[in-house]
Amino acid sequence: MSTGGFLAALLLLSLEAQAQVYNYEPEKDEDELDLFERPKQLHFGMNINVGKAGGAPSVFYNGTGFSDLGDVFRELISIPERLDWNSLAGGTGNTVRNQIAQSLGIANAGGMSVATYPIDQRYDVGFGFGLRVMQRFNLENAAVLDVDIWRLKSRGAWQLNTGEAPDVGQGFTDLRDFGIFASEDRMAMSLGYRTASPIDRSASWIFELGGTMMAARIRDHYIEVAGNTYDLIVPRGGQVNTGAIQDLRWGVGYGGYVKLGAEAYMDAGAGLELSYKLGYDGVVLGLSDFRVFNHTLQLTWLFPPPQVAAATF
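Residues numbered from 1 in each chain as written. Predicted model: local features only at pLDDT ≥ 70, side-chain atom pairs only at ≥ 80, totals over all residues. Heavy atoms only, no water.

Looking at the packing of aromatic side chains
A complete count under the given rule lists five aromatic pairs for this structure. Between the NZ or CZ atom of arginine 186 and the centre of the ring of tyrosine 123, over which it lies, the distance is 5.2 Å. Sitting over the ring of tyrosine 257, lysine 277 keeps its end group 4.6 Å from the ring centre. (Phe/Tyr/Trp six-rings, centres within 6.5 Å; stacked < 30°, edge-to-face > 60°. Lys NZ or Arg CZ within 6 Å of the ring centre and 35° of its normal.)

In structure tokens, the structure reads:
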């Protein structure tokens, strides 16, 4: 074969190869997604939550006693009222004021008064646990129901004026700082719509939007002085034995939330999700209704969908 013929044959093969490449249709995104499509089934999961509750409801625990529990057996009293509370029924016995004065070594109990109420009352970082029910419609879309239970604690500081002359260098009045505390239970139920944006075959970004129902109940509320605690929620009318007192009422509020995060896909349809949730919730304590922003970091383990075996005969 001549040199010219060889070059012509080589050019013909090159053109044929290029035609084959140009006629090739690459794999579509839809085809790629089908390779890791999640099961279109009902999923169950477990939530582990870390969150910071909005501080507005903590004003309920500022020691002024202005709020109302809405309870027929018990009432919320102020710190001064607690100082003059009788330790025995019927108005007899030693008062809390005298007990505190004795524990602090104060000679004149009648000179004690509240100098300042807490201005920094706040909630501690809280922990919660819950369950999830999620129905996947496809890789991108799902309906989500979460039920989470929280135990929250609130704390602040108030000042007691002992009414006595202070030690040298402490100023003109003897002021002492003590703590004021409260704890409450919350149960949050949220129902939302979730959409996912795949990152690759193993993970997706997620976005969720929905509504919430928040139930809250006060567990306790007290001050602490010299290692002793004194309740600020007491039986009405100074009663000591009120019989079977029911737990304080649950207050129910409503709101909404938005959630951003990512889900890592695992074998057998399981998943691990990490997300940040911003909720605008109604929190009802006693007869007071608060609207607050709550912040939650949530880790969810999604179990593999339940396998339903076909009946055999």
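Remarks on the side chain of serine 154
As for its placement among the helices and strands, serine 154 is situated in strand β6 (residues 141-161). On the accessibility criterion, serine 154 (2% relative accessible area) is buried. Polar contacts involving the side chain of serine 154 include one to the side chain of glutamine 121, which spans 2.9 Å. (Helix = DSSP H or I, 4+ residues; strand = E, 2+ residues; numbered from the N terminus. Buried < 20%, exposed > 50% of the residue type's maximum accessible area, 1.4 Å probe, protein only. Polar contact = N/O pair within 3.5 Å; in protein donor to acceptor, adjacent residues only side chain to side chain.)

Points about the environment of valine 72
Along the chain, valine 72 turns up in the loop between β1 (42-52) and β2 (74-76). Considering only alpha carbons, one finds valine 72 and proline 235, 163 residues apart in sequence, at a separation of 9.1 Å.

Remarks on the nonpolar core
Counting residues in hydrophobic clusters, the biggest one holds 40 residues, and the most contacted among them are Ile100, Trp158, Ile218, Ile223, Val225 and Leu285. Of all the secondary-structure elements, those providing two or more residues to this core are α3 (79-83), α4 (96-104), β6, β7 (175-200), β8 (203-225), β10 (233-235), β12 (271-285) and β13 (288-302). Those residues in contact with tryptophan 158 that sit more than four places away from it in its chain are Ile79, Val114, Thr116, Tyr117, Pro118, Arg176, Asp177, Phe178, Gly179, Ile180, Ile223 and Val225. (Core = buried A, V, L, I, M, F, W, Y, C linked by side-chain atoms within 4.5 Å. Contact = heavy atoms within 4.5 Å.)

Some remarks on the pairing of β8
Strand direction decides the pairing type here: β7 and β8, joined by 21 bridges, are antiparallel. When the bridges of β8 are listed, alanine 188 appears paired with methionine 214. Once β7 ends, the chain turns through two residues before running back antiparallel as β8. Two elements, β8 and strand β11 (residues 251-265), share 14 bridges in a ladder whose sense is antiparallel. Bridge assignment links alanine 216 to a residue of β11, and that residue is glycine 251. Here four bridges tie β8 to strand β9 (residues 228-231), and the two strands are oriented antiparallel to one another. In the sheet register, isoleucine 223 faces β9, and the bridge partner there is tyrosine 230. Taken together, β8 and the strand that follows it, β9, pair antiparallel across an intervening segment of two residues, in which alanine 226 is found at a positive phi of about 55 degrees. (Pairing = 2+ DSSP bridges.)

Some words on the pattern of salt bridges
Taken as a whole and assessed by the stated rule, the structure comprises 17 salt bridges. As a salt-bridge pair, aspartate 84 and arginine 97 come within 2.9 Å of each other at their nearest N and O atoms. Of the two residues, aspartate 84 is situated in the loop between α3 and α4 and arginine 97 in helix α4; the sequence distance between them amounts to 13 residues. Overall, the relative accessible area of 13% leaves arginine 97 in the buried class. Across the pair arginine 136 and glutamate 263 runs a salt bridge, and its minimum N-O distance is 2.6 Å. Of the two residues, arginine 136 sits in strand β5 (residues 126-136) while glutamate 263 sits in strand β11, which places them 127 residues apart along the sequence. Exposure class is identical for arginine 136 and glutamate 263. Each is buried. (Salt bridge = Lys/Arg side-chain N within 4 Å of Asp/Glu carboxyl O.)

Re the environment of leucine 287
Position of leucine 287 relative to the elements: it lies in the loop between β12 and β13. Linking leucine 287 and aspartate 68, residues 219 residues apart in sequence, is a C-alpha distance of 5.8 Å. Once residues within four sequence positions are removed from consideration, leucine 287 is found in contact with Asp68, Leu69, Gly70 and Arg249.

Some words on α4
Of the positions making up α4, those classed as buried are Val96, Arg97, Ile100, Ala101 and Leu104. Along α4, the residues classed as buried sweep out an arc of 135 degrees about the axis, all on the same side. Buried residues in α4 make contact with α3, β6, β7, β8 and β9. Looking one or two residues past α4, glycine 105 carries a phi angle of roughly 75 degrees, positive in sign. (Arc of directions from axis to C-beta.)

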